[in-house]
Amino acid sequence: MDTSRFQEALRSSRVWDTELPAFDPDGAPAGPLELFHDWFVQAVDAGAVEPQTMSLATVDEEGRPDARIVMLHGADERGWHFASHATSAKGRQLAARPEAALVFYWPKLGRQVRLRGRVTTGTPEEAYADLHARTTGALASALVGRQSEVLPSLETLAEANAAAWQRAHAEPEAEAKTWTLYVLEPAGIEFFQGDEQRRHIRLRYRREPAGWSRELLWP
């Protein structure tokens, strides 16, 4: 492709081509979980596409960063939940360095939520319940396994996928032994509200021994 066409497409793309909501940080709750729940519901109500998707950033044993999109499976007092195979690249990285960052972005509202903290694993029973609360397709995908391994051919994938779907239908209670529930307990959370005049509002919560502290950041 002509690089000039790329540059034209890049520069013609609008950011926040919609009316953005107001956000008063003085009225924010004392802790971040309630605000996250409110913002998530507002994103769903605004018609955000896949609002449960988030960027997960980890580092490998040599300290090199890695990132990918994963699905949020829950958010409660324990932390923000997601799941994957313990044998995947992210699973191995989290085993070696159990620290991670999450980023949500809801462009319809001009909002981001950023989290950093320690990651722990749930129990095997929690991982099983997490997987079987999802769709047959999710179970089939988990039964295929071998995530992040080198794939010899698309035909090999098709065969493994067909076998996994067949098993998922025949054994809906089947177990994927490496499926793991992860919980990120945030040490800090930032809520970012975009503004058309670039007066972006950034509210950061930091975990302290006595609870959560709050502070504003420059855009």
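Residue positions within a chain follow its written sequence, with the count starting from 1. Totals for whole chains, interfaces and linings use all residues, but because this is a predicted model, local features are given only for residues with pLDDT of at least 70 and pairs of side-chain atoms are given and counted only at 80 or more. Working from all heavy atoms in the structure, the side-chain values ignore hydrogens and water.

Asker: Can you tell me about helix α2 (residues 32-45), naming the residues and giving the values?
Answerer: Look at α2: 20 Å from first C-alpha to last across 14 residues, which is about the 20 Å you get at 1.5 Å a residue. Within α2, burial applies to Pro-32, Leu-33, Leu-35, Phe-36, Trp-39 and Ala-43. Relative to the axis of α2, the buried residues are bounded by an arc of 160° and lie together on one face. Once α2 finishes, Gly-47 follows within two positions and takes phi at roughly 85°, a positive value. Numbering goes from the N terminus for both helices and strands, where a helix is a DSSP run of H or I of at least four residues and a strand is a run of E of at least two. Each residue after the first adds 1.5 Å to the expected span of a helix. The rule is simple: take the accessible area with a 1.4 Å probe, protein chains only, and divide by the maximum for that residue type; under 20% is buried, over 50% is exposed, in between is partly exposed. This arc describes the spread of directions from the helix axis toward the C-beta atoms.

Asker: Describe the packing of helix α5 (residues 136-144) against helix α6 (residues 154-170), and please don't skip the residues or the numbers.
Answerer: For the pair α5 and α6, the least separation of the axes is 8 Å and the interaxial angle reads 125°. Considered as vectors, α5 and α6 are oriented oblique to each other. Here α5 and α6 pass one another in a crossing that is right-handed. Here α5 contributes Thr-136, Gly-137, Leu-139, Ala-140, Leu-143 and Val-144 to the contact with α6, which in turn contributes Ala-160, Asn-161, Ala-164, Trp-165, Arg-167, Ala-168 and His-169. Under the scheme applied, nonpolar residues are Ala, Val, Leu, Ile, Met, Phe, Trp, Tyr, Cys and Pro; charged residues are Asp, Glu, Lys and Arg; polar residues are all the others, including Gly. Taken together, the residues of the contact of α5 with α6 break down into 8 nonpolar, 4 polar and 1 charged. In this analysis an axis means a line fitted to C-alpha atoms, helices contributing only their contacting stretch, and an angle means the value between N-to-C directions, from 0 to 180 degrees. Any angle that is under 35 degrees is reported as roughly parallel, and any over 145 degrees as roughly antiparallel; angles of 65 to 115 degrees are reported as roughly perpendicular and all others as oblique. For a crossing to be left-handed, the near helix must be turned anticlockwise from the far one by less than a right angle; the clockwise case is right-handed. Should any heavy atoms of two residues lie within 4.5 Å, those residues are counted as being in contact.

Asker: Would you mind going over the pattern of salt bridges in detail, with residue names and values included?
Answerer: Any Lys or Arg side-chain nitrogen found within 4 Å of a carboxyl oxygen on Asp or Glu counts as a salt bridge. On inspection of all chains with the given rule, the structure shows 11 salt bridges. Salt-bridge contacts for Glu-190 lead to Arg-114; the nearest nitrogen and oxygen are separated by 2.7 Å. Of this pair, Glu-190 sits in strand β7 (residues 179-193) while Arg-114 sits in strand β6 (residues 111-121), placing them 76 residues apart in sequence. You can call Glu-190 buried: its relative accessible area is 5%. Here Arg-114 falls in the partly exposed class, since its relative accessible area comes to 39%. Here Lys-177 ties to Glu-175 by a salt bridge, and the two come within 3.9 Å at their closest N and O atoms. Salt bridges linked by common partners bring Asp-60, Glu-62 and Arg-64 together as one network.

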